[in-house]
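Examining the three-dimensional arrangement
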Amino acid sequence: QVQFVESGGGLVQPGGSLRLSCVASGIDFNLYAIDWYRQAAEKSREFVASITPGGVPTYADSAKGRFIVSRDNAKDTVYLEMNSLKPEDTAIYLCSAFVSGAFRWGQGTQVTVSS
């Protein structure tokens, strides 16, 4: 059974930082690109960042220069380091991979940026 478990969200002030984690199970982690998405209240889910099995990252324009995606294949874990956070970054952050013909999603972790 494919499963993703996100953690690390919370309440942070504008300008602050958070590090999210996504632990995968049920897949050969080394073979899959892993994506981070976010969904704010009453908005569509949007792409944030992705990382290939070899560690090559891709970022949405909103994340460039502030977020860093990385992975530890030995721990089946992908990280999203978020810096210089803004109120508009408030959302549920989810990780995902395309496995066996379908996108698989975690439950997400809530990030709230507010003073």
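Located above this text is the structure these notes cover.
Quick summary incoming for the structure in this document. (Residues numbered from 1 in each chain as written. Predicted model: local features only at pLDDT ≥ 70, side-chain atom pairs only at ≥ 80, totals over all residues. Heavy atoms only, no water.)

Glancing now at the packing of aromatic side chains. Scanning the entire structure with this criterion turns up four aromatic pairs. Judged by centre distance (5.1 Å) and plane angle (70°), the rings of Tyr37 and Trp105 are edge-to-face. With Tyr37 in strand β4 (residues 34-39) and Trp105 in strand β10 (residues 102-105), this residue pair connects regions lying 68 residues apart in the sequence. The class of Trp105 is partly exposed, set by a relative accessible area of 32%. Ring centres of Phe103 and Trp105 lie 6.4 Å apart, and the angle between their planes is 35°; on these two criteria the pair is classed as tilted. Its relative accessible area of 46% is what places Phe103 among the partly exposed residues. (Phe/Tyr/Trp six-rings, centres within 6.5 Å; stacked < 30°, edge-to-face > 60°. Helix = DSSP H or I, 4+ residues; strand = E, 2+ residues; numbered from the N terminus. Buried < 20%, exposed > 50% of the residue type's maximum accessible area, 1.4 Å probe, protein only.)

A word on the pairing of strand β7 (residues 67-72). Residues Phe67, Val69 and Arg71 point to one face of β7 and are all buried, whereas Ile68, Ser70 and Asp72, pointing to the other face, are not buried. Note that β7 and strand β8 (residues 77-82) share six bridges and pair antiparallel. The residue of β8 that forms the bridge with Arg71 is Val78. Counting the residues that bridge the hairpin from β7 to β8 gives four residues, and of these Asp76 lies at a positive phi of roughly 50°. (Pairing = 2+ DSSP bridges.)

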